[in-house]
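Now for the letters of each chain:
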2 protein chains.
Amino acid sequence: MNSKISQFIANNQISTPCLILDVDQVERNYNQLHQAIPYGGIYYAVKANPALPILKRLVALNSFFDAASWEEIQLCLDAGAKPSQISFGNTVKKISSIQSAYKIGVEMYVFDSIEEMQKIAKHAPGSKVYCRLIVDNLGADWPLSGKFGTTVDHAVELLIQAKNLGLDPYGVSFHVGSQQTDPKAYTAAIEKAASCFTTLAAQGIELRMINLGGGFPIRYREDVPEIEEFTTAIQQSLLHHFGNNIPRIILEPGRFMVGNAGIVSTEVVLSSKRGKTNGPRWVYLDIGRFGGLAETEGEAIRYQIETSYDGSTTGPVVLAGPSCDGVDVIYQKSNYQLPLELTAGDRISLLSTGAYVSTYCSTRFNGFAPLEEYYI
Amino acid sequence: MNSKISQFIANNQISTPCLILDVDQVERNYNQLHQAIPYGGIYYAVKANPALPILKRLVALNSFFDAASWEEIQLCLDAGAKPSQISFGNTVKKISSIQSAYKIGVEMYVFDSIEEMQKIAKHAPGSKVYCRLIVDNLGADWPLSGKFGTTVDHAVELLIQAKNLGLDPYGVSFHVGSQQTDPKAYTAAIEKAASCFTTLAAQGIELRMINLGGGFPIRYREDVPEIEEFTTAIQQSLLHHFGNNIPRIILEPGRFMVGNAGIVSTEVVLSSKRGKTNGPRWVYLDIGRFGGLAETEGEAIRYQIETSYDGSTTGPVVLAGPSCDGVDVIYQKSNYQLPLELTAGDRISLLSTGAYVSTYCSTRFNGFAPLEEYYI
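Residues numbered from 1 in each chain as written. Chains lettered and ligands numbered in written order. Predicted model: local features only at pLDDT ≥ 70, side-chain atom pairs only at ≥ 80, totals over all residues. Heavy atoms only, no water.

**Thoughts on the domain arrangement of chain A**
All names here are of chain A.
So, step 1. Looking at the assigned domains, one finds that chain A contains domain 1 (23-258) and domain 2 (260-375).
So, step 2. When each unit is reduced to the centre of its C-alpha atoms, the spacing between domain 1 and domain 2 is 33 Å.
So, step 3. Contacts between the two partners involve 21 residues from domain 1 and, on the opposite side, 22 residues from domain 2.
So, step 4. Around 2,000 Å² of area is buried between domain 1 and domain 2 when both sides are counted, 54% of it from carbon and sulfur atoms. (Domains from an automatic or database assignment. Contact = heavy atoms within 4.5 Å. Buried area = accessible area lost by both parts, 1.4 Å probe.)

**Topic: the interface of chain B and chain A**
So, step 1. Taken together, the contact between chain B and chain A spans 71 residues of the former and 71 residues of the latter.
So, step 2. It is K147, C324 and R364 of chain B in chain B that bury the most area against chain A; as a group they hold 12% of the surface buried on that side.
So, step 3. Of the charged contacts in the structure, one is a salt bridge between E297 of chain A and R289 of chain B, with a shortest N-O distance of 2.8 Å.
So, step 4. For the interface between chain B and chain A, the tally reads 32 residue pairs in polar contact (both at pLDDT 80 or more).
So, step 5. Those elements that place two or more of their residues in the side of chain B that touches chain A are α4 (70-78), α6 (114-123), α7 (152-164), β12 (262-272) and β13 (281-285) of chain B.
So, step 6. Element by element, the count of residues in the side of chain B that touches chain A is highest for β12 of chain B, at five residues. (Salt bridge = Lys/Arg side-chain N within 4 Å of Asp/Glu carboxyl O. Polar contact = N/O pair within 3.5 Å; in protein donor to acceptor, adjacent residues only side chain to side chain. Helix = DSSP H or I, 4+ residues; strand = E, 2+ residues; numbered from the N terminus.)

**Focus: the pattern of salt bridges**
Residues and elements named next belong to chain A.
So, step 1. Across all of its chains, the model carries 40 salt bridges over all chains by this definition.
So, step 2. Here E27 ties to R57 by a salt bridge, and the two come within 2.9 Å at their closest N and O atoms. Residue E27 is located in helix α2 (residues 23-36), and its partner R57 is located in helix α3 (residues 52-60); the two are separated by 30 residues in the primary sequence.
So, step 3. Salt-bridge contacts for R208 lead to D168; the nearest nitrogen and oxygen are separated by 2.7 Å. On the criterion of sequence distance, the pair formed by R208 in the loop between α8 (184-201) and β10 (209-211) and D168 in strand β8 (residues 168-173) is long-range, its members being 40 residues apart.
So, step 4. We classify R208 as partly exposed; its relative accessible area is 36%. (Buried < 20%, exposed > 50% of the residue type's maximum accessible area, 1.4 Å probe, protein only.)

**Regarding the sheet that holds strand β2 (residues 40-45) of chain A**
Residue and element names in this part refer to chain A.
So, step 1. Taken in spatial order, the eight strands of this closed barrel run β2-β3-β4-β5-β6-β8-β10-β11, and their pairing is parallel. Taking the axes of each pair of neighbouring strands and ignoring which way they run, one obtains an average angle of 30° across the sheet.
So, step 2. For β10 and strand β11 (residues 248-251), the ladder comprises three bridges, and the chain directions are parallel. Looking at the pairing, M209 lines up with R248 of β11. (Pairing = 2+ DSSP bridges. Axes fitted to C-alpha atoms, helices over the stretch in contact; angles between N-to-C directions.)

**Focus: the layout of surface pockets**
So, step 1. Its boundaries defined by the atoms lining it, the largest pocket holds a volume of some 560 Å³.
So, step 2. Along the walls of the largest pocket sit 34 residues, with P17, D286 and F368 of chain A together with E71 and K94 of chain B positioned nearest its centre.
So, step 3. Looking at which element gives the most residues to the lining of the largest pocket, the answer is helix α5 (residues 95-104) of chain B, with three residues.
So, step 4. The residue inventory of the lining of the largest pocket, partitioned by class, reads 15 nonpolar, 11 polar and eight charged. (1 Å grid on protein atoms, 1.4 Å probe; cavity = no way out; pocket = protein on both sides within 12 Å on 5 of 7 lines; lining within 4 Å. Points joined across faces, edges and corners; volume = space filled by probe spheres on them. Nonpolar A, V, L, I, M, F, W, Y, C, P; charged D, E, K, R; others polar.)

**Re the side chain of N29 of chain A**
Residue and element names in this part refer to chain A.
So, step 1. Along the chain, N29 falls in helix α2.
So, step 2. A residue is classified by how much of its surface remains accessible, and N29, at 3% relative accessible area, is buried.
So, step 3. Contacts of N29, omitting those with residues within four sequence positions, involve F256, M257, V258 and N260.

**Description of the relation of the copies chain B and chain A**
Note that the two copies of the chain are related through a rotation about an axis and a translation along the same axis.
So, step 1. With an RMSD of 0.0 Å, the fit of chain B onto chain A corresponds to turning through 180° and sliding 0.0 Å along the axis. With respect to symmetry, the two chain copies, as superposed, fit the operation of a two-fold axis. Relative to the rotation axis, the C-alpha of S362 of chain B is the closest in chain B, positioned 2.0 Å from it.
So, step 2. Of the interface residues in chain B, 100% have counterparts in chain A that sit at the interface too, so the contact is made through matching surfaces. (Least-squares fit on C-alpha atoms with pLDDT ≥ 70 in both.)

**With respect to the packing of aromatic side chains**
So, step 1. Evaluation of the coordinates by the stated rule reveals 30 aromatic pairs over all chains.
So, step 2. When the ring of F8 of chain A is compared with that of Y374 of chain A, the centres are 5.5 Å apart and the planes differ by 50°; the resulting orientation is tilted. In this pair, F8 of chain A is assigned in helix α1 (residues 3-11) and Y374 of chain A in strand β18 (residues 372-375), connecting sequence segments 366 residues apart.
So, step 3. A relative accessible area of 22% places Y374 of chain A in the partly exposed class.
So, step 4. Pairing Y220 of chain B with Y303 of chain B gives two aromatic rings, centres 5.5 Å apart and planes at 80°, and the pair type is edge-to-face. Residue Y220 of chain B is found in the loop between β10 (209-211) and α9 (227-242), and its partner Y303 of chain B is found in the loop between β13 and β14 (305-307); the two are separated by 83 residues along the sequence. Comparing Y220 of chain B with Y303 of chain B shows no difference in burial state: the two are buried.
So, step 5. An aromatic cluster is present here, built from Y186, F216, F230 and F256 of chain A joined pairwise through their rings.
So, step 6. Here the guanidinium or amino end of R248 of chain A rests over the ring plane of F64 of chain A, the centre of that ring lying 5.3 Å away.
So, step 7. Its guanidinium or amino end placed over the ring of Y336 of chain B, R221 of chain B lies 4.2 Å from that ring's centre, counting from NZ or CZ. (Phe/Tyr/Trp six-rings, centres within 6.5 Å; stacked < 30°, edge-to-face > 60°. Lys NZ or Arg CZ within 6 Å of the ring centre and 35° of its normal.)

**Details of the environment of S100 of chain A**
All names here are of chain A.
So, step 1. With respect to the helices and strands, S100 occurs in helix α5 (residues 95-104).
So, step 2. Residue S100 is classed as partly exposed on the basis of its relative accessible area, which comes to 23%.
So, step 3. On a C-alpha basis, the gap between S100 and A124 in space is 9.3 Å, while along the polypeptide they are 24 residues apart.

**Quick word on the packing of α5 of chain A against helix α6 (residues 114-123) of chain A**
Residue and element names in this part refer to chain A.
So, step 1. In the contact formed by α5 and α6, the axes pass within 9 Å of each other and the chain directions differ by 40°. In terms of orientation, α5 and α6 fall into the oblique class. The handedness of the crossing between α5 and α6 comes out as right-handed. Of α6, the residues touching α5 (which contributes I95, I98, Q99 and Y102) are E116, K119, I120 and H123.
So, step 2. Residues that form the contact of α5 with α6 fall into these classes: four nonpolar, two polar and two charged. (Parallel < 35°, antiparallel > 145°, perpendicular 65-115°, else oblique. Left-handed = near helix turned anticlockwise from the far one by under 90°.)

Right, here's the structure in full:
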C-alpha cells in the first residue's frame, strides 16, 4: 500500500467500508501515460471514478474527458473543464442529453448505428462525429460483449451518410476491452481503423482522428505488461499504416488513471469454518458485490489483499459480502489464501480499487449505506 | 398492469426510470398469504423493498419483519414496529449491530456457524436463536449458492452448544431459494428440520420454531404454482412430521409480498439494427443491470414487458441498459420479442418489479441518478 494512504489510515478514525484514494497518484499515472504517448490526447473515462478532486486535478493537468452521460458532462464542467475538452462517448444517448450537450458547446459525439447518428444530426447539427468499430476483446478480463460497435463496412457507410446529413465525419473509435493484457489487441484494431481511413479517402472523405479507447491494464494479483509495451505497439502500428501522416490520437483511460490510486478498507464481519467439513473457511467482509465490488462478477477482477497478519501462516478462503444474497460471493474459485489468525473485527485492505468501485455501489442493498470516500 | 398504477402514470408527468408501487396490492398479498397459512407468522423480508409506506402498511397489518442489518431494523422501528416483531435474520452480523439490536430489545437471532453463535452469546446473551440449515435450491430461479446454512448434524451440535452458552435454542431455519417454483422443495426441507427436533428432543432440548424462509414465486413471463399449492405441501409435511404438535411456523416472504405490486417505467433510449446483419434489433433502455435490474444477471429473472404498441407486429430484440459497460445487457438469450414500431423516446413498463429493484440500484454508475420511487 502507498505510504500516504497507510498514514491516513493510521492517523484517522475511519469507519468501514471506505475508499481512500491518493490524488497525487492519479497525477503520476497521467504523467506516465502522457510521456509514453505524448501525441495522444488523454480523455479520462469519467465513469471509472467521477469524484470531484480527481476531475479537478485532471483539469489542472489539461486533461480531456470522456463522458458517458449528460450528468457526467456536468461533473466535468463543475470541475472546471471547458466543453471543448469533453467527448460524449456513449453510443446510447438520450435526445435530451444530446440537446443539452450541444447547447453548452460539446463538440464531439460517438455513434455505432444509423439511428443514433440521425439523432446527433438532428439535435447536434454540424458536430464532429466518430463511429465505433467492433473489435476483438480476446485478452481482456472485463470484455465488452456485442453491445457496442459495428463493422468496418457499415462504419464506412454510416460516416458517408453522416456527411450527407451535415455532420463532420471526424474519425473512428474502438475498445479492446477493459483490463486488456495483450498489446497486439491494439495492433489488430488499428488495422481496422486504418482501413476505414483508406476506403473513405477514396470517396473524398478525410477522417482525422482515431480514438483508441481505454483498456490499459493495471496490476491486481498478477503482473501485467508495462504501459510502454502498449504504446510502443500502438506507435509501430500507426507508423505502419499512416507513415508521416498520423491522425489525431485519442485515449480513454479510466482504470489505468485511478485504479492503483485507491484502496478499499473493509472489516471482517465473520470468519467461519462453516460446518465440520475440511473445506475452506468463509470470510465475510462488510463490502461485497453490491457494495461496490461489482467487477468481481464471475471473479473477473481479482484484487490483491493486505492484512496486518501478512507473513504468517495462511489457508484457503472463500470471500463473500455481508448481504443475505447468495449471489454476493466475491471469490470462491480464484484460490485466495488469507492468514489463519484473521477474525471478526479485523480490518483488511483491497488494493487498487480506485476504479469502478464507488460508482457501482448500490444505494442501500440490505440496508447498508454506500461506502465512504476519502480523496487525499 | 394494475389500473391504479396505469391511472397514476396517465395523470402525472413522471420522468423515467422510476418505480411505481401500489401499496394496496401489498396488503392484498399479505392477506392472501395469511389466509393460506393462518398459523404462520409472516416476517416480511425488508431487503426486498424497505420503503417506508410498505413497512407502515405492514405494521398496520400486524406483520413481523425479517431484517438483514441494523439499518433495516432501524427502518422497521421508524415505521412503528416493535423490537419484538423483528428477527435479525442475517447469519453474518457485525458485533456492533448485534449490540445495538440487543440493546433495543430484538429477541431473535440466526446463525449457521460456531463463530457467529459465540458472537450472539456474548453480545445478546439469553436471546432466542435459530440455526440455518443448508437445503437443496433446485427449482429456484435465484438460488442461494453455498453461502448460507449448515448440515443437520452440525446444527444439532451448535444448538446444544448454544444452550450451554446461555442462549435459548429456539429452532431452525432454511431457505429453498428465491423464486422457487417447486412445492416439494419445502417438503424436503421440513424433513431436515424435523430431524433436528427429534435428535435434540432425545438430548433434552425442545426446539419450538421452524422458519421456512422465503422463496414463494410470483408470475413474471411464465405461470407459477398458486401460493396454496405451497402452503398445502407445507401443511401436509408439518402434519406428517409433527402431528398435533406443530411448532411455531415463521415465513419470510419478500418477493411474494411486494413483487407484483410495482412496475418500472422506462424510456427507450435507442432502438438500433446494429449493422447490416440479420440479427435482432438492440433496444437500449434508460435502466439496466446497474440501475436496479440486478436480478437479470444470467437472465435469471425475466420480467414481462408492456408497451403501447402491444398487439402489433413484433420482432426479436436484445435488451440492454444505458451504460457504457458491456456487462450491462439485460436479455440476450431469453427470446424477447417487442413491437417493430418501438423507437427512441417511447415508454415501456417492466411488470412485477416491486421487489429487489430499488435497493440494488447503483448510486450513480455512468452518472445516472437512482430511479425515482412512487408509493401510491
